[in-house]
Amino acid sequence: SRNAKERAIRIEYKDGTEETVNVQKLQGTHGGSDEKLIKMLLLDEGKDEDTLNQCADSYAGFSSAMIGVAGNESIETGKTIDVTERLKTLQ
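Cut-offs used in this document
Sequence order sets the numbering: in each chain, residues are counted from 1 along the sequence as written. Local features are withheld for residues below a pLDDT of 70 in this predicted model, meaning they are given only at 70 or higher, and side-chain atom pairs are given and counted only at 80 or more; totals for whole chains, interfaces and linings count all residues. Side-chain metrics rest on all non-hydrogen atoms present in the structure, leaving aside hydrogens and water. Counting from the N terminus, the helices are DSSP H or I runs at least four residues long and the strands are E runs at least two residues long. Throughout, the radius of gyration refers to the C-alpha atoms, and the reference size of a globule is 2.2 Å times the residue count to the power 0.38. For the exposure calls, accessible area comes from a 1.4 Å probe over protein chains only, and a residue counts as buried if that area is under 20% of its type's maximum, exposed if over 50%, partly exposed in between. Any pair of residues with heavy atoms lying within 4.5 Å of one another is described as a contacting pair. Within this document, salt bridges are pairs made up of a side-chain nitrogen of Lys or Arg and a carboxyl oxygen of Asp or Glu, the two lying within 4 Å of each other. Confidence of the predictor at the level of single residues is captured by pLDDT, which takes values from 0 to 100. How far a helix is expected to stretch is found by multiplying one less than its residue total by 1.5 Å. Our arc is simply the arc of the directions from the helix axis toward the C-beta atoms. Within this analysis, patches are made of residues with over 30% relative accessible area and no salt bridge. Like charges are joined at 9 Å or less; nonpolar side chains (Val, Leu, Ile, Met, Phe, Trp, Tyr) at 5 Å or less. The Shrake-Rupley method, run with a 1.4 Å probe sphere, supplies the accessible areas, and residue values consider only the shown protein chains as cover. Note: two strands are recorded as paired if DSSP finds a minimum of 2 bridges between them.

**Brief notes about the overall build of the protein chain**
Piece 1. Check the secondary structure of the protein chain and you find three helices and two strands.
Piece 2. Sequence-ordered secondary structure for the protein chain, helices as α and strands as β, is β-β-α-α-α.
Piece 3. Relative to its length of 91 residues, the protein chain is extended, with a C-alpha radius of gyration of 18 Å against a globular reference of 12 Å.
Piece 4. Projected onto the principal axes, the alpha-carbon positions of the protein chain cover approximately 50 × 40 × 25 Å.
Piece 5. Here the protein chain holds 91 residues, and 9% of them are scored as buried.
Piece 6. Of all intrachain contacts in the protein chain linking residues separated by at least 6 positions in sequence, the fraction that spans at least 24 positions is 13%.

See below:
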C-alpha cells in the first residue's frame, strides 16, 4: 500500500495491459525536481543517479522550447507552425 511519501503512476500499454509504479514523492517546486536539476547542472552533483541516461542535452532543451514557441504562435495566428527548419539550425 502507498503512503503519503509515494505517488502511483499507472501505465497503460498499447496491448491493453496495465502496470502501476509507485514512486517517491519529493518536496519542493516541480515535484522536487528543481533542486535535483540545479544540483546536476550547476553543482555537478547527482549525475550518477541518472542510471537511464535521461538527462536532456541542450538540443533537447531547445527542441522543447521551440515546441512551446510554435504552440504559442499557432494559438496566436490560428495557423500550423512547422519547426523543422528551426530545429535543423542546431543539428
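From this point, things continue past the structure.
**Some remarks on the pattern of salt bridges**
Piece 1. Considering all chains together, one arrives at one salt bridge under this definition.
Piece 2. The residue glutamate 12 makes a salt bridge to arginine 10 at a minimum N-O spacing of 2.5 Å.
Piece 3. The exposure class assigned to arginine 10 is exposed, which follows from its relative accessible area of 53%.

**A few points about the confidence of the model for the protein chain**
Piece 1. With 90% of its residues at a pLDDT of 70 or more, the protein chain shows a mean pLDDT of 81.
Piece 2. Here helix α1 (residues 33-42) is the element of the protein chain with the lowest mean pLDDT, 76, and helix α2 (residues 58-77) is the one with the highest, 89.

**Examining α2**
Piece 1. With 20 residues, α2 should cover 28 Å at 1.5 Å per step; its first-to-last C-alpha distance of 28 Å lies within 8% of that length.
Piece 2. Restricting attention to buried positions, one finds in α2 the residues Ser63, Met66 and Ala70. Projection of α2 onto a plane perpendicular to its axis shows the buried side chains occupying an angular sector of 65°, all on one side. With respect to the buried face of α2, the exposed residues turned more than 90 degrees away are Ser58, Asn72, Ile75 and Glu76.
Piece 3. Here the buried face of α2 lies against α3 (84-88).
Piece 4. Glycine 78 sits one or two residues past α2 and shows a positive phi near 80°.

**Examining the environment of asparagine 22**
Piece 1. The topology assignment puts asparagine 22 in strand β2 (residues 18-24).
Piece 2. When the C-alpha atoms of asparagine 22 and glycine 78 are compared, they prove to be 40 Å apart, with 56 residues separating the residues in sequence.

**A closer look at a nonpolar patch on the surface**
Piece 1. Where nonpolar side chains cluster on the molecular surface, the patch consists of Leu37, Ile38, Leu41, Leu42 and Leu43 and spans about 530 Å² of accessible area.
Piece 2. Mapped onto the secondary structure, leucine 37 falls in helix α1.

**What about the pairing of β2?**
Piece 1. Pairing between strand β1 (residues 6-12) and β2: seven bridges, direction antiparallel. Bridging across to β2, isoleucine 9 finds its partner in valine 21.

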